[in-house]
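So the chains spell out like this:
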Amino acid sequence: MTKKTAVVVCPGRGTYTKTELGYLKKYRPRFAGELDPIDARLAALGQPTVSELDSAEKFALKTHTPGEFASTLIYACSWADFLAIDRERWDVVAVTGNSMGWYTALACAEALTPENAFTLIHTMGSMMTGGIIGGQLIYPVVGDDWRPNADKRELVERAIIEIGAVPDCEAHLSIRFGGYAIIGGNQKALDLLMKALPSVDEGKYPFVLVNHAAFHTPMLTETSARAFRELGSELFQAPSVPLVDGRGTIWQPYSTDANALRHYTLGHQVDATYDFSTAVGVALKEFAPDALILLGPGATSGGALGQIAIENRWWGLGAKADFTARQASSPVVLAMGREDQRKLAAN
């Protein structure tokens, strides 16, 4: 059997919601040995384990969305999905991720050992335990056809500049997420943005993300400095497969400087815009994969991946209708959180 090639995409925060409750219980059994150390380290810290969180009777914002709990839970789900990829059918040629998903990508590419991946992800996820710095909201910058819309993008850029200039306001582009702009800012700025940005999609947007700090903005510069103090260079090593970061830079197995990788991960990745759209665009153009495999939990990033493919006119996709038709006949985005697509990627 001839293998197909895939770029693995690791999701970020906010992907484990009430509909994902029980995700680990469903997909973890074959990989319990690999995931048990995560539970053990959390238990040693006196914190809820990922097994306990995943097995809860109800999804609760107080226990499932704070960074110190959500980050390790999402990582465990993504890691189990990565282990489940059928390597007889798929050759993983590169790995990338969105926001927190960059840390998972480091683990999948073996730039972090499993032990060091937990250390990094739990440490970064716990940075807001004493109080969340700012917040994030999301707003679409494409039309209903998922084609890039220059007017909508200009509207968002202008709103960020104008509200950022208001006294006691701070607003920045946090993440370029396919057809969406994620804006980070302080509460006053977010309140003004909620009023300034026209309501779209039957009032769904603009939407404030729950328990999300203003990551990937200058508001997190001190958090970055703290991360450098707490996380040493010994955690990082060269990856075993190429990594594409949030600038579109490729980290190759035989040329990666581990210290430079640490500097990016704890520096630029924390307090500067994370360009997920460019990361995926570069991965498509440089590695020309047969498909993108999106790790769970959930599948909410699948639309963003389709929008990025359309923006780059990849796989001959020019609009949402093209993507929908292609996904129905011969999928190019395989979301592990969807049963119909999971069976095409997992063993």
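Structure: above.
To start, this report covers the structure provided alongside it. For clarity, every value in this text was computed on a predicted model and none was experimentally measured.

The subject of this paragraph is the overall build of the chain. Scanning the chain from N- to C-terminus turns up 16 helices and eleven strands. Compactness check: the chain gives a C-alpha radius of gyration of 19 Å against a globular reference of 20 Å for 347 residues, within 12% of the reference. Dimensions of the chain, computed from C-alpha atoms along their principal axes, come out at roughly 55 × 50 × 45 Å. For the chain, with 347 residues in total, the buried portion stands at 56%. In the chain, of all internal contacts separated by at least 6 residues, the share reaching a separation of at least 24 is 75%. By element, 53% of the accessible surface of the chain is carried by carbon and sulfur atoms, the whole surface being about 14600 Å².

In spatial order, the strands read β6-β3-β5-β4-β9; together these five strands make up an open sheet with mixed pairing. Looking at the sheet topology across the chains shown, the edges are occupied by β6 (207-208) and β9 (274-275). When strand β4 (residues 171-177) meets β9, the two strands line up parallel, connected through two bridges. Bridge pairing in β9 places I175 opposite Y274.

Look at helix α8 (residues 150-164): 21 Å from first C-alpha to last across 15 residues, which is about the 21 Å you get at 1.5 Å a residue. All buried positions along α8 are accounted for by V156, A159, I160 and I163. The buried residues of α8 occupy one face: seen down the axis, they fall within an arc of 100 degrees. For α8, exposure combined with an orientation more than 90 degrees from the buried face picks out A150, D151 and I161. For α8, the secondary structure elements touched by its buried residues are β3 (135-140), β4, β5 (180-185) and α9 (187-196). Between the side-chain oxygen at the start of α8 and the backbone nitrogen of D151 there is a gap of 3.0 Å, and the oxygen is on N149.

As a further point, take the packing of helix α13 (residues 276-287) against helix α14 (residues 302-311). The relative placement of two packed helices is expressed as an angle between their axes plus a distance between the axes. Packing of α13 against α14 brings their axes to within 10 Å, and their N-to-C directions diverge by 65 degrees. Crossing handedness for the pair α13 and α14: right-handed. Contacts from F276, S277, V280, G281 and L284 of α13 reach α14 at L305, I308, A309 and E311. Residue classes in the contact of α13 with α14 are distributed as six nonpolar, two polar and one charged.

Calculation criteria
Residues numbered from 1 in each chain as written. Predicted model: local features only at pLDDT ≥ 70, side-chain atom pairs only at ≥ 80, totals over all residues. Heavy atoms only, no water. Helix = DSSP H or I, 4+ residues; strand = E, 2+ residues; numbered from the N terminus. Rg over C-alpha atoms; globule rule 2.2 N^0.38 Å. Buried < 20%, exposed > 50% of the residue type's maximum accessible area, 1.4 Å probe, protein only. Contact = heavy atoms within 4.5 Å. Areas by Shrake-Rupley, 256 points an atom, 1.4 Å probe, with all protein chains shown as cover. Pairing = 2+ DSSP bridges. Expected span 1.5 Å × (residues − 1). Arc of directions from axis to C-beta. Polar contact = N/O pair within 3.5 Å; in protein donor to acceptor, adjacent residues only side chain to side chain. Axes fitted to C-alpha atoms, helices over the stretch in contact; angles between N-to-C directions. Left-handed = near helix turned anticlockwise from the far one by under 90°. Nonpolar A, V, L, I, M, F, W, Y, C, P; charged D, E, K, R; others polar.

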